[in-house]
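# Observations on the three-dimensional arrangement
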Amino acid sequence: MTDQVENSEQEPFLKIDTSVPHSARIWNYWLGGKDNYEVDRVAGDAFREVFPEIETGARAARYFLARAVRHLATEEGIRQFLDIGTGLPNVDNTHQIAQRAAPESRIVYVDNDPLVLAHARALLTSTTEGVTNYVDADLREPGAIVREAGRTLDFDQPVALMLMGILGHIEDHDEARSIVRQLVDALPPGSYLVQYDSTDTSEDYVRAIQQYNDGGSIPYILRSPEQIARYFDGLELLEPGVASCSRWRPDAAALGLPAEVHQYGGVALKR
């Protein structure tokens, strides 16, 4: 691996607030990562007391990401990935999976969390044939995301747009759908949307999220599977459609997961 990147001329060194738990760091904790603080571990443990299945759901969502990227790279010939809401580095990030299948793949990560920015060096690695870049931008500014990503990606060629567990941070569902539409509209035919979010399909999950939101963190809104399916309006869903992440084309890595988790997602083609 080499550090072949295209600089976006953005300053990654911002102040990290360790006084309030943050969803990306808590998710990292549930996945067994080390990039979190005591405040995140306390919040993560409290969440798990109410909803013990959260770690299983986190793993299922991570495996869904891996299977979707691998499918798009190996079966659909996608060579460009725009991963918005990157989160913290973990095992098998998008660029590693894509470039393992197709070394020439180009990947742009997008996030605006200071800790993620501080770990940009861990993300900004690439094969010599491909490129990995990082953009500091807010999901609520899709135009800025597309403009900055266009320094690395060719928007005349198909792109896989990845929105993994991020749209729940947009409190208004109509606004979230509008953001998705704007991003998808910027993509050429032959592109794909890969998306999942957590659902309101468990009363314990709903209680745990309410407790988390009441703690002062950036709120996360659980939505129904039907609401998540609306993000794919106008696109052609691949089988099995919008489903529990553990049900989306499971492979050997997903065999130990339950058939149903409370994270739903899908992959869809833009014609």
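Along every chain, residues carry numbers that run from 1 in the direction the sequence is written. It should be noted that, the model being predicted, local features are given only for residues of pLDDT at least 70 and side-chain atom pairs only at 80 or more, the latter also being counted only at that level, while totals for whole chains, interfaces and linings use all residues. Hydrogens and waters are ignored; side-chain quantities use all the structure's heavy atoms.

### Observations concerning the packing of helix H7 (residues 142–149) against helix H8 (residues 173–185)
Working note: a packed helix pair is described by the angle between its axes plus the distance between those axes. Basically, it comes down to this: In this description, a line fitted to the C-alpha atoms serves as the axis of each element, helices being fitted only across the stretch in contact, and the angle between N-to-C directions of two axes falls anywhere from 0 to 180 degrees. Runs of H or I in DSSP of at least four residues are treated as helices and runs of E of at least two as strands, each being numbered from the N terminus. If an angle is under 35 degrees, it is roughly parallel; if it is over 145, roughly antiparallel; if it lies from 65 to 115, roughly perpendicular; otherwise it is oblique. Here a crossing is called left-handed whenever its near helix is offset anticlockwise from the far helix by less than a right angle, and right-handed whenever the offset is clockwise. Whether two residues touch is decided by their heavy atoms; if any such pair falls within 4.5 Å, the residues are in contact. All amino acids are sorted into three groups, where Ala, Val, Leu, Ile, Met, Phe, Trp, Tyr, Cys and Pro are nonpolar, Asp, Glu, Lys and Arg are charged, and the leftover types, Gly among them, are polar.
The contact between H7 and H8 brings their axes to 9 Å, and the two run at 30°. As the angle between them shows, H7 and H8 are arranged roughly parallel. Pair H7 / H8 crosses with right-handed handedness. Here Pro 142, Ile 145 and Val 146 of H7 lie close against H8, whose contacting residues are Ile 179, Gln 182 and Leu 183. Classifying every residue of the contact of H7 with H8 gives five nonpolar, one polar and no charged.

### Remarks on the nonpolar core
Nonpolar side chains in soluble globular proteins generally cluster together in the buried interior. Our working rule: Grouping buried Ala, Val, Leu, Ile, Met, Phe, Trp, Tyr and Cys residues that are joined through side-chain atoms within 4.5 Å yields what is termed a nonpolar core. Buried means the residue's accessible area, taken with a 1.4 Å probe over protein chains only, is under 20% of the maximum for its type, while exposed means over 50%, and partly exposed covers the values in between.
By size, the foremost hydrophobic cluster in this structure holds 35 residues, and its most contacted members are Phe 64, Leu 72, Phe 81, Val 194 and Val 267. Listing elements by their share of this core, those giving two or more residues are helix H3 (54–74), helix H4 (94–101), strand E2 (106–111), helix H5 (114–118), strand E4 (160–164), strand E5 (192–198) and strand E8 (263–269). It is H3 that provides the largest number of residues to this core, a total of nine residues. Setting aside chain neighbours within four positions, we find Phe 81 in contact with Val 69, Leu 72, Ala 73, Thr 94, Ala 98, Ser 105, Arg 106, Ile 107, Val 108, Leu 153, Ala 160 and Met 162. Of all hydrophobic cores here, the second largest spans 31 residues; its members include Val 110, Leu 163, Ala 176 and Leu 187.

### Details of the confidence of the model for the protein
What counts is decided by this rule: pLDDT is defined as a per-residue confidence score from the predictor, taking values between 0 and 100.
When pLDDT is averaged along the protein, the result is 90; 93% of the residues meet or exceed 70. A low-confidence stretch, residues 1–13 (pLDDT under 50), is modelled with 35 contacts involving residues beyond four sequence positions or located in other chains.

### Some points on the environment of Ala 101
Structurally, the position occupied by Ala 101 is in helix H4. Judged by relative accessible area, which is 35%, Ala 101 ranks as partly exposed. Ignoring sequence-local partners within four residues, the contact set of Ala 101 consists of Ala 73 and Thr 74.

### Observations concerning the side chain of Ser 105
The condition is simple: Pairing of N or O atoms within 3.5 Å defines a polar contact, subject to two protein rules: one partner must be a possible hydrogen donor and the other a possible acceptor, and residues neighboring in sequence count only if both atoms are side-chain atoms.
Turning to its location among the elements, Ser 105 is positioned in the loop between H4 and E2. Polar contacts involving the side chain of Ser 105 include one to the main-chain carbonyl oxygen of Ala 102, which spans 2.8 Å.

### Describing the packing of aromatic side chains
This is how the line gets drawn: Centre distance within 6.5 Å is the pairing criterion for rings of Phe, Tyr and Trp, where only the six-membered ring of Trp is used; planes under 30 degrees apart are then read as stacked, over 60 as edge-to-face, and the remainder as tilted.
A full pass over the atoms with the stated rule returns six aromatic pairs. Here the aromatic rings of Phe 64 and Tyr 196 are separated by 6.3 Å at their centres, their planes lie at 90°, and the arrangement is edge-to-face. One end of the pair, Phe 64, is in helix H3; the other, Tyr 196, is in strand E5, with 132 residues separating them in the sequence. As far as the burial class goes, Phe 64 and Tyr 196 line up, both buried. Look at Phe 64 and Trp 248: their rings are 5.6 Å apart centre to centre, the planes differ by 80°, and that puts the pair in the edge-to-face class. Here Phe 64 is found in helix H3, whereas its partner Trp 248 is found in the loop between strand E7 (243–244) and E8, with 184 residues between them in sequence. You'll find Phe 64 and Trp 248 in the same group, each marked buried.

### Points about helix H9 (residues 203–214)
The cut-off we apply is this: Helix span is expected to be 1.5 Å times the residue number reduced by one. When we speak of the arc, we mean the arc of directions from the helix axis to the C-beta atoms.
In this model H9 runs 17 Å from its N-terminal to its C-terminal C-alpha over 12 residues, within 8% of the 16 Å that 1.5 Å per residue would give. Along H9, the residues that are buried comprise Tyr 205, Ala 208, Ile 209, Tyr 212 and Asn 213. Buried residues of H9, seen end-on, are gathered within an arc of 135° and therefore sit on one face of the element. More than 90 degrees from the buried face of H9, the exposed residues found are Glu 203 and Asp 214.

### So, the pairing of E2
This is how the line gets drawn: For two strands to be treated as a pair, DSSP must find at least two bridges joining them. The handedness rule is simple: strands pointing away from the viewer, and a clockwise path from the first strand over the helix to the second, make the crossover right-handed.
Within E2, five of the six residues are buried, leaving the element largely enclosed by the surrounding structure. In the sheet, strand E1 (residues 80–84) pairs with E2 via five bridges, with the strands oriented parallel. Paired with Asp 83 across the bridge in E2 is Tyr 109. With respect to chirality, the unit in which E1 leads through H4 into the neighbouring parallel E2 is right-handed.

### Quick look at the environment of Ala 253
On the secondary structure map, Ala 253 appears in the loop between E7 and E8. Under the relative-accessibility criterion, Ala 253 is labelled partly exposed at 45%. Sequence spacing of Ala 253 and Ala 60 is 193 residues, and the spatial spacing of their C-alpha atoms is 9.5 Å.

### So, the pattern of salt bridges
Short version of the rule: Salt bridges, as used here, are contacts in which a Lys or Arg side-chain nitrogen is within 4 Å of a carboxyl oxygen on Asp or Glu.
On inspection of all chains with the given rule, the structure shows 15 salt bridges. For Glu 38, the salt bridge identified is with Arg 41, shortest N-O distance 3.4 Å. Of the two residues, Glu 38 and Arg 41 are both situated in helix H2 (residues 38–50); the distance of three residues between them amounts to about one turn of the helix. Looking at Arg 41, the relative accessible area reads 26%, which means it is partly exposed. Two residues, Asp 138 and Arg 140, come together in a salt bridge whose shortest N-O distance is 3.9 Å. Overall, the relative accessible area of 24% leaves Asp 138 in the partly exposed class.

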